[in-house]
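Here's the letter readout for the chains.
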There are 2 protein chains.
Amino acid sequence: MYNQYCYGLGSASSCIRELFEYGLQQAAIVGKENVYDFSLGNPSIPAPAAVNKAAMDIIQNEDSLLVHGYSSAPGFADARDAVAKELAERTGTEIHGSDLYFTCGAAPALISVCSALHIDADTEILGIAPFFPEYRPFIESTGSKFVYVPADTDQFQIDLQTLEKMINKNTQALIINSPNNPSGVVFSKETLMQVADILTKKSQEFGKPIYLISDEPYRELVYDGIEAPWVPSIYHDTIVCYSYSKSLSLPGERIGYIYVPAKLTDAKNIFAAIAGASRVLGHVCPPTLIQRVVARCAYEKPDLEAYDVNRKLLYHGLKEIGYECASPDGAFYLFAKAPKGDAKAFSEKCKQKNLLVVPSDDFGVEGYFRLCYCVSKEMIERSLPIFAEVFADEPE
Amino acid sequence: MYNQYCYGLGSASSCIRELFEYGLQQAAIVGKENVYDFSLGNPSIPAPAAVNKAAMDIIQNEDSLLVHGYSSAPGFADARDAVAKELAERTGTEIHGSDLYFTCGAAPALISVCSALHIDADTEILGIAPFFPEYRPFIESTGSKFVYVPADTDQFQIDLQTLEKMINKNTQALIINSPNNPSGVVFSKETLMQVADILTKKSQEFGKPIYLISDEPYRELVYDGIEAPWVPSIYHDTIVCYSYSKSLSLPGERIGYIYVPAKLTDAKNIFAAIAGASRVLGHVCPPTLIQRVVARCAYEKPDLEAYDVNRKLLYHGLKEIGYECASPDGAFYLFAKAPKGDAKAFSEKCKQKNLLVVPSDDFGVEGYFRLCYCVSKEMIERSLPIFAEVFADEPE
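Residues numbered from 1 in each chain as written. Chains lettered and ligands numbered in written order. Predicted model: local features only at pLDDT ≥ 70, side-chain atom pairs only at ≥ 80, totals over all residues. Heavy atoms only, no water.

So, the sheet that holds strand 6 (residues 211-215) of chain A
Residue and element names in this part refer to chain A.
Part 1: Ordered in space as 2-8-7-6-5-3-4, the seven strands form an open sheet in which the pairing is mixed. Each edge of the open sheet carries a strand with a single partner, namely strand 2 (100-103) and strand 4 (145-149). Between one strand and the next, the sheet's axes are offset by a mean angle of 20°, whatever the strand orientation.
Part 2: As defined by bridge partners, strand 6 adjoins strand 7 (residues 238-243) across four bridges and the pair is classed as parallel. Looking across to strand 7, one finds that I213 is bridged to I239. (Pairing = 2+ DSSP bridges. Helix = DSSP H or I, 4+ residues; strand = E, 2+ residues; numbered from the N terminus. Axes fitted to C-alpha atoms, helices over the stretch in contact; angles between N-to-C directions.)

In structure tokens form, the structure reads like this:
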């Protein structure tokens, strides 16, 4: 006598978690240096020094009752103002603290937004393959349907024709994730402008807004001078979900926000619905010490040097062996083609050599594998000969 | 085109919040010293020194990547073990870290448990008046019904006869909250044993477990040598929801846990369903720095002296004036009878004198008002003549 859906979600095995656990077991047997674990997207560069400095200073010098006391549900007003100020300066747009709803990271942000946009059992929220696998339970648990546009395997941008065809009267929103997990690709301004055109046209056709949910935990993780375009400047009905997990290397501290632009259709009511959703999802008032820390560190930028070194080493190493990879412009993921097209078989073969790579099936596309390069440079160096071995071993 | 239920929850006015905001406004006009705000249950004693000391030490001396990195979904194994060890010692029962699921405070804990126990639209979860008003949205948002046993206004224990009559085949659980918000009453061992008898009998009658959800954020806040009985030792199908918000004065840091005893009926499956619920509610892996802090502070106890001084001063002061109060054995609330029985009118009359008290209607009982005595002693002293004035002013 318990909820079968929740039970299913809680007892389901996860391919990524299983690979990670296998890696820990193998490390105990063959030695840590002989396991090449590219399975987990956990930041490998520490939080900027300013983060811990701010935390220490707040604990030492501010009133403990205020530091650890409740904030209002969407967060401290001054913390939201500090974050909004930096965001406004950087994007050259008008953003106020009152447009931000602080959350315990990007997951609650996405779930609150999807809950706020759920109308009935016919409601659809669209994704773009490859996608973060948790989108499905996040959306389905609110009662809506998750449907997705198949991957554009040429560029890992967006198959716009199919997107346009898939939008119908029940489509409430499209979720995009750029820089992308798992592909590492950054959606270009051109792609986003075409998406905006399609959404505008379809919003008019169906006489209701079709929102764009921009899931941006990797926004700051871009390389080679590339920038992730600011989506609300391209499409006015954009809701941004952000997390400091990657940009400040604070994944465990659960802090992020939802940005509901004032110009959004029904902005005030959507904000209220998000507040109501957060209330019954149980994550109003995100952790207060960390709220104050991110407010002080609003202008901090991650030091991406280590990721960039890894990225180039792995990308060029794999290319030289003969692997085909998506353009690795952002995040800390590399998405490569399984030489003979069977991602699960390839991942299994790698696993036999303690090389742990995630097959792409759960991301909504077949025939690829994901590598997280938030690892040590040494591990990448040691892994390249193994990648060469498994590549050479693939039958013609 | 947004979710009307969430919108309603997010835009609803809250009596408590309105009183609090009114107090802030009035303070600006008549001076802070002339406003007597008993509306908010925010701890007024700071976190024990050990809490900030532990946080500083962890930040300074532990690996930043581990401190701020993801924990597993139910929390760090060593932190869960540390908390379980203290709990096992204190209660004299066998409790393991693996029985605990860390959460972002008591709210997500309750919501996850209610989600895990939701079967269909007929599912009922019972409460006992007076109750924490958020129980209703927490339960209704999962799709279950919230029904409650009317208050036992003699003792503010539990009307056992009515409880027994209200349990039916759709009853999945009973939520209790002791020490109680808003009454300040602690349920006696005798009351709890009778509740256990009823639940055991009804579980047999309906051939399925009826769970007891023990919501215990005030467990450590008890006075005069009274102890809140350890509920799982009285009824085996008890699930405990706990928060450090009050015991360590950390309400803003969002840390607590669900304890699923190994002996619970379907323990493993209920634990998995809770894990699944937490996943789609978006609060797996509670804030990691604070997880480590509470693990180090598992043996810390709150210094209740200031609350106890306030409690006695207010309770005896009100009694002398002529007010009738529930027995104030725990938490930091006093629950008193509105002299002429109309709580809203009485609260409104008090408000005219900048004395802010919460009428009991939202707690599921009429004719009472709640006072939070987590305030300064001076404010209580200054408020007593005002309480006398409004009492004398009540028409016979």
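Thoughts on the interface of chain B and chain A
Part 1: Taken together, the contacts link 68 residues of chain B with 68 residues of chain A.
Part 2: Together chain B and chain A conceal approximately 5,600 Å² of surface at their shared face, both sides included; 61% is due to carbon and sulfur atoms.
Part 3: Counting across the chain B and chain A interface gives two salt bridges.
Part 4: Residue A:E134 is joined to B:R279 by a salt bridge in which the shortest nitrogen-to-oxygen separation is 2.7 Å.
Part 5: Within the residue set of the side of chain B that touches chain A, elements represented by two or more residues are helix 1 (4-11), helix 3 (49-61), helix 4 (64-67), helix 6 (106-117), helix 7 (135-140), helix 10 (267-281) and helix 11 (288-296) of chain B.
Part 6: Of the residues contributing to the side of chain B that touches chain A, the split by class is 38 nonpolar, 23 polar and seven charged. (Contact = heavy atoms within 4.5 Å. Buried area = accessible area lost by both parts, 1.4 Å probe. Salt bridge = Lys/Arg side-chain N within 4 Å of Asp/Glu carboxyl O. Nonpolar A, V, L, I, M, F, W, Y, C, P; charged D, E, K, R; others polar.)

Things to note about the relation of the copies chain B and chain A
Part 1: Of the transformation superimposing chain B on chain A, the axial component is 0.0 Å and the angular component is 180°, with the fit at an RMSD of 0.0 Å. Interpreted geometrically, this transformation is the action of a two-fold axis. Minimal C-alpha distance to the rotation axis in chain B is attained by B:L281, lying at 2.7 Å.
Part 2: Residue by residue, 100% of the interface of chain B is reproduced at the interface of chain A, so both copies engage with the same surface. (Least-squares fit on C-alpha atoms with pLDDT ≥ 70 in both.)

Looking at the confidence of the model for chain A
Part 1: Taken over all residues, the pLDDT of chain A has a mean of 96, while the share at 70 or more is 99%.
Part 2: Across the assembled chains, the prediction reports ipTM 0.95 with pTM 0.96. (pLDDT = per-residue confidence, 0-100.)

As for the packing of helix 3 (residues 49-61) of chain A against helix 3 of chain B
Part 1: Direction vectors running N to C along helix 3 of chain A and helix 3 of chain B enclose 160°, while the axes themselves pass 10 Å from each other. Classified by the interaxial angle, the pair formed by helix 3 of chain A and helix 3 of chain B is roughly antiparallel. For the pair helix 3 of chain A and helix 3 of chain B, the crossing hand works out as left-handed. Between helix 3 of chain A and helix 3 of chain B, the residues in contact are A:N52, A:A55, A:M56, A:I59 and A:Q60 and B:N52, B:A55, B:M56, B:I59 and B:Q60, respectively.
Part 2: The residue inventory of the contact of helix 3 of chain A with helix 3 of chain B, partitioned by class, reads six nonpolar, four polar and no charged. (Parallel < 35°, antiparallel > 145°, perpendicular 65-115°, else oblique. Left-handed = near helix turned anticlockwise from the far one by under 90°.)

Considering the packing of aromatic side chains
All names here are of chain B.
Part 1: Considering all chains together, one arrives at 48 aromatic pairs over all chains under this definition.
Part 2: On the numbers, 5.5 Å between centres and 80° between planes, the contact of Y218 with Y333 is edge-to-face. With Y218 in the loop between strand 6 (211-215) and strand 7 (238-243) and Y333 in strand 9 (residues 333-337), the pair connects residues that are 115 residues apart, well separated along the chain.
Part 3: The residue whose ring lies beneath R292 is F76, and the NZ or CZ to ring-centre distance is 3.9 Å. (Phe/Tyr/Trp six-rings, centres within 6.5 Å; stacked < 30°, edge-to-face > 60°. Lys NZ or Arg CZ within 6 Å of the ring centre and 35° of its normal.)

So, the nonpolar core
Part 1: With 96 residues, the main nonpolar core has A:I213, A:V260, A:I270, B:I213, B:V260 and B:I270 as its most contacted residues.
Part 2: When near neighbours in sequence (up to four residues on either side) are disregarded, A:I270 contacts A:L117, A:Y211, A:I239, A:V260, A:L264, A:T265 and B:Y2.
Part 3: A:I95, A:Y257, B:L87 and B:V240 belong to the second largest nonpolar core, which has 64 residues in total. (Core = buried A, V, L, I, M, F, W, Y, C linked by side-chain atoms within 4.5 Å. Buried < 20%, exposed > 50% of the residue type's maximum accessible area, 1.4 Å probe, protein only.)

Quick notes on the pairing of strand 7 of chain B
Residue and element names in this part refer to chain B.
Part 1: Counting buried positions along strand 7 gives six out of six residues, so the element sits mostly inside the fold.
Part 2: Burial along strand 7 is two-sided: T238, V240 and Y242 facing one way and I239, C241 and S243 facing the other are all buried.
Part 3: Judged from the four bridges that link them, strand 7 and strand 8 (residues 256-259) form a sheet pairing that is antiparallel. Bridging from a neighbouring strand, S243 pairs with G256 of strand 8.

As for the sheet that holds strand 12 (residues 368-372) of chain B
All names here are of chain B.
Part 1: If you trace the three strands from one edge of the open sheet to the other, you get 9-12-11, paired in antiparallel fashion. Each having just a single partner strand, strand 9 and strand 11 (358-359) make up the two edges of the open sheet.
Part 2: The pairing of strand 11 with strand 12 spans two bridges and is classified as antiparallel. In the strand pairing of strand 12, P359 is matched with F369.

A look at the side chain of B:T288
Part 1: In this fold, B:T288 is placed in helix 11.
Part 2: By relative accessible area, which is 0% here, B:T288 ends up buried.
Part 3: There is a polar contact of 2.9 Å between the side chain of B:T288 and the backbone oxygen of B:V67.
Part 4: Leaving out residues up to four positions away in the same chain, B:T288 has contacts with A:G252, A:E253, B:V67, B:H68, B:G69, B:Y70, B:S71 and B:F76. (Polar contact = N/O pair within 3.5 Å; in protein donor to acceptor, adjacent residues only side chain to side chain.)

Structural notes on the state of the cysteines
Part 1: Throughout the structure, instances matching the rule amount to zero disulfides over all chains.
Part 2: Take A:C297: it sits in no disulfide, and the sulfur closest to it among the cysteines is that of A:C104, at 18 Å. (Disulfide = S-S within 2.5 Å.)

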